[in-house]
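# Notes for the structure review
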Amino acid sequence: MSKIAVLIPCYNESKTIAKVVKDYKAALPEADIYVYDNNSSDNTDKIAAEAGAIVKYEYRQGKGNVIRSMFRDINADCYLMIDGDDTYPAENAREMCDLVLNGKADMVIGDRLSSTYFEENKRPFHGFGNVLVRKFINMFWGNNKNTIVDVMTGYRAFSPMFVKTFPVLSKGFEIETEMTIHALDKNLLLKSVPVSYRDRPEGSFSKLNTYTDGIKVLMTIFILYKNYKPLKFFSTVGLVLAVFSLALFIPVFAEYLKTGLVPKLPTLVVSSIMMLAAFLSFVCGLILDTENQKDKQFFELQMNLIKMIQSNDK
């Protein structure tokens, strides 16, 4: 029988955690429900344990830190991750897990944006941020086959292939963005399932800061684009520098052809330095792209090894 692990990262969710645990125990009675408490001060851990969850602790603050521990500690055939705020009904849990268990997906995304999110969400800038992040990621990584609708959702199902090869770098709420980009870059199997969304109940408060966490997410996209696509990134930087260099050089060169003199020597020096920087940027992109290709080859070896281990276990 396949082992399903339901993973619930929690920080001060005493108002909702008991209902969440009971709902997912009912939807997936064979699953182990893990609640990872992240320094809660409202007895979230005790309430979760009373509801029937296996409670573990992560003392480094931040959702990314919690998920790193979850993925490292727990072994299962399917991992279902949800938030502890009771915003995701359990009715899609079985469908999402079956897609993973049947080998049809390495990551299943619970898509709120195609359902009730914009009606239920009471924070308009959160909706705007979701759309903005989605547009950036689809522009940099998406294609006709892999267009992501909901990047920031906390409702996802994963295969062991994803969980055991995903290098968790983020500490906070940027983790969902990092997961999505990793799956797109490594060409993993992705599926989106429209799920209903309901806003937090009264007395329950979001830990996500619209502005500071939004900036962190956008910076994560920028940094991962540099890391995952270095040739494109540094070639673009080099092209911009080259254009500015030529814009400075051409008037000086035209004046030289007319008079035989170089009247703006500092401008010529700056232009030369910018052109050299453009060349170096392009070379850096080539070198880093070569290393990136080696990393992808290593990732393929990791996946093949995991498949062999899974086959032997069966």
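Scroll up a little and you will see the structure.
Bringing the overall build of the chain into the picture now. Check the secondary structure of the chain and you find 11 helices and seven strands. Counting every position in the chain, which comprises 314 residues, the buried fraction comes to 45%. Taking the intrachain contacts of the chain between residues at least 6 apart in sequence as the baseline, contacts between residues at least 24 apart amount to 76%. Working note: accessible area of the chain is about 16,100 Å², and carbon and sulfur atoms make up 61% of it.

Here we come to the packing of aromatic side chains. Considering all chains together, one arrives at 16 aromatic pairs under this definition. Feature note: the residues Phe136, Phe140, Phe222, Tyr225, Phe233 and Phe234 constitute an aromatic cluster, connected by ring pairs.

The next thing to look at is the packing of helix α1 (residues 17-27) against helix α2 (residues 44-51). Packed helices, taken two at a time, are described by the angle between their axes plus the distance between the axes. Two elements in contact, α1 and α2, have axes whose closest approach is 8 Å; the angle formed by their N-to-C orientations is 30°. Considered as vectors, α1 and α2 are oriented roughly parallel to each other. Of the two possible hands of crossing, α1 and α2 adopt the one that is right-handed. Listed contacts from α2 to Ile17, Ala18, Val21, Lys22 and Lys25 of α1 are Thr44, Ile47, Ala48 and Ala51. Across the contact of α1 with α2, the residue classes tally to six nonpolar, one polar and two charged.

Counting across every chain of the model gives 10 salt bridges. Residue Lys19 is joined to Asp23 by a salt bridge in which the shortest nitrogen-to-oxygen separation is 2.8 Å. Placement of the pair is Lys19 and Asp23 together in helix α1, with a separation of four residues, close to one helical turn. Residue Asp23 is classed as partly exposed on the basis of its relative accessible area, which comes to 26%. Here Arg60 and Glu58 are joined by a salt bridge, their closest N and O atoms 2.8 Å apart. Here the salt bridges do not stand alone but share partners, grouping Lys19, Asp23, Asp86 and Arg198 into one network.

The rules behind these values
Residues numbered from 1 in each chain as written. Predicted model: local features only at pLDDT ≥ 70, side-chain atom pairs only at ≥ 80, totals over all residues. Heavy atoms only, no water. Helix = DSSP H or I, 4+ residues; strand = E, 2+ residues; numbered from the N terminus. Buried < 20%, exposed > 50% of the residue type's maximum accessible area, 1.4 Å probe, protein only. Contact = heavy atoms within 4.5 Å. Areas by Shrake-Rupley, 256 points an atom, 1.4 Å probe, with all protein chains shown as cover. Phe/Tyr/Trp six-rings, centres within 6.5 Å; stacked < 30°, edge-to-face > 60°. Axes fitted to C-alpha atoms, helices over the stretch in contact; angles between N-to-C directions. Parallel < 35°, antiparallel > 145°, perpendicular 65-115°, else oblique. Left-handed = near helix turned anticlockwise from the far one by under 90°. Nonpolar A, V, L, I, M, F, W, Y, C, P; charged D, E, K, R; others polar. Salt bridge = Lys/Arg side-chain N within 4 Å of Asp/Glu carboxyl O.

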